[in-house]
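Here are the chains, one letter per residue:
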Amino acid sequence: MQKSPSASSLGPGGLDLAQAFFKPIQNSDPHSTTNRHTKISVIGVGNVGMAIAQTILTQDLADELALVDAKADKLRGEMLDLQHAAAFLPRTKINASVDYSVTAGSDLCIVTAGARQNPGESRLNLLQRNVALFSNIIPPLAKYSPDSILLIVSNPVDVLTYVSWKLSGFPSNRVIGSGTNLDSSRFRFLIADHLDVNAQDVQAFIVGEHGDSSVALWSSISVGGVPVLSFLQNQQIAYEKQTLENIHKAVVDGAYEVINLKGYTSWAIGYSVANLARSLLRDQRKIHPVSVLAKGFYGIDGGDVFLSLPALLGRAGVLGVTNIHLTDEEMHRLRKSAETILEVQSQLGL
């Protein structure tokens, strides 16, 4: 299933109208001397996958977008729906297929596909089904785009990022999970809302597991360059630790609330992943809390585990991990979060 037939050959007898319509200037060389051609593939065209695809298109992040899904009819429908918006979007070639060869030569492969939890199904059984699904997704992506960056969005994202690393054989810097990038955005929004400032002026990270054992780094939060907790202490402004815990709980519960209200999450994760794509493909060297191979950082040494840490992202993927000062309590919670993920991984038999 490729793109819709080009309108350039609609002339009599299949005449290429593009050749007839445009006359080349004299002494010209039609071949481009630049190699810039950015291709992104999105695997899975559910609500999350299409929100990501739509955001990538509107933000002009790719010259070519490839969509892959197991459901051929839905896939073609989504492709046509996006193609029909061509007059309102930056020019991007959009292809779609159930065959992974359509992803060949991708700079970034974004995986959103995943099995849904059945009623009464354990999280472990769901994870095992997703591992089986990924065994049919990751190897062909690695085959057709051996130099690409893998960005995993499917949940549980930390374990599936580890699985993708193992299945792809890629170096660890080119396998990244969306992790707590969105959690941190929710965190910044809630703090900004409390202080009535722009969320972009709030520096705050959620790290660790993308889930219940995530860790809010309260000690390093700043607003407009002012460390918040230090400011409160210096000004002798009292605050309750429970208030901080409640904000963190609101972050963790944020996705559940959206799902209960509208049935799924889509727009926020779409913007979050597009934000990561921009940092990676445009070599922005921005710091994002994403799921990376965490072994050797912050005392995490129990095994190979992916969890979210503030990471510097650029064209080569993960360029490094930020050395943020953690309190003893934050360090303890981060290690416990790593242990939680490792325990789940140990049950997979990988």
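In short, a report on the structure. (Residues numbered from 1 in each chain as written. Predicted model: local features only at pLDDT ≥ 70, side-chain atom pairs only at ≥ 80, totals over all residues. Heavy atoms only, no water.)

1. Quick notes on the overall build of the chain
In step 1: Helix and strand counts for the chain come out as eleven helices and 14 strands.
In step 2: For the chain, with 350 residues in total, the buried portion stands at 45%.
In step 3: Of all intrachain contacts in the chain linking residues separated by at least 6 positions in sequence, the fraction that spans at least 24 positions is 69%.
In step 4: Total accessible area computed for the chain in this model is approximately 18300 Å², and 52% of it derives from carbon and sulfur atoms. (Helix = DSSP H or I, 4+ residues; strand = E, 2+ residues; numbered from the N terminus. Buried < 20%, exposed > 50% of the residue type's maximum accessible area, 1.4 Å probe, protein only. Contact = heavy atoms within 4.5 Å. Areas by Shrake-Rupley, 256 points an atom, 1.4 Å probe, with all protein chains shown as cover.)

2. Observations concerning helix 6 (residues 157-168)
In step 1: Spanning twelve residues, helix 6 covers 16 Å between terminal C-alpha atoms, matching the ideal 16 Å at 1.5 Å per step.
In step 2: Helix 6 sits mainly inside the fold: ten of its twelve residues count as buried.
In step 3: Count one or two residues on from helix 6 and you reach Gly 169, which has phi positive near 75°. (Expected span 1.5 Å × (residues − 1).)

3. Side note on the packing of helix 7 (residues 181-195) against helix 9 (residues 241-262)
In step 1: Here helix 7 crosses helix 9 at 130°, and the two axes come no closer than 9 Å. Classed by the angle they form, the pair helix 7 and helix 9 counts as oblique. Once helix 7 is placed against helix 9, the crossing between them reads as right-handed. For the pair helix 7 and helix 9, the contacting residues are Asp 183, Arg 186, Phe 187, Leu 190 and His 194 in the first and Ile 247, Ala 250, Val 251, Gly 254 and Ala 255 in the second.
In step 2: Its residues assigned to classes, the contact of helix 7 with helix 9 comprises six nonpolar, two polar and two charged. (Axes fitted to C-alpha atoms, helices over the stretch in contact; angles between N-to-C directions. Parallel < 35°, antiparallel > 145°, perpendicular 65-115°, else oblique. Left-handed = near helix turned anticlockwise from the far one by under 90°. Nonpolar A, V, L, I, M, F, W, Y, C, P; charged D, E, K, R; others polar.)

4. Description of the pattern of salt bridges
In step 1: One pass over the structure, following the stated rule, counts nine salt bridges.
In step 2: The partner of Arg 285 in a salt bridge is Asp 283, with the nearest N and O atoms 3.6 Å apart.
In step 3: Owing to a relative accessible area of 34%, Asp 283 belongs among the partly exposed residues under this scheme.
In step 4: The network of salt bridges with shared partners includes Glu 245, Glu 329 and Arg 333. (Salt bridge = Lys/Arg side-chain N within 4 Å of Asp/Glu carboxyl O.)

5. Topic: the sheet that holds strand 10 (residues 222-223)
In step 1: An order of 7-10-11 is seen for the three strands of this open sheet, with the pairing classed as antiparallel. Edge strands, defined here as strands with exactly one partner in the open sheet, are strand 7 (202-203) and strand 11 (226-227).
In step 2: Bridge count between strand 10 and strand 11: two bridges; the pairing is antiparallel. Bridge pairing links Val 223 to Val 226 in strand 11. (Pairing = 2+ DSSP bridges.)

6. What to know about helix 10 (residues 267-281)
In step 1: End to end, helix 10 covers 21 Å across 15 residues, agreeing with the expected 21 Å (1.5 Å per residue, within 8%).
In step 2: For helix 10, the complete set of buried residues consists of Ile 269, Gly 270, Ser 272, Val 273, Ala 274, Leu 276, Ala 277, Ser 279, Leu 280 and Leu 281.
In step 3: Following helix 10 by one or two positions, Asp 283 has its phi on the positive side, about 50°.

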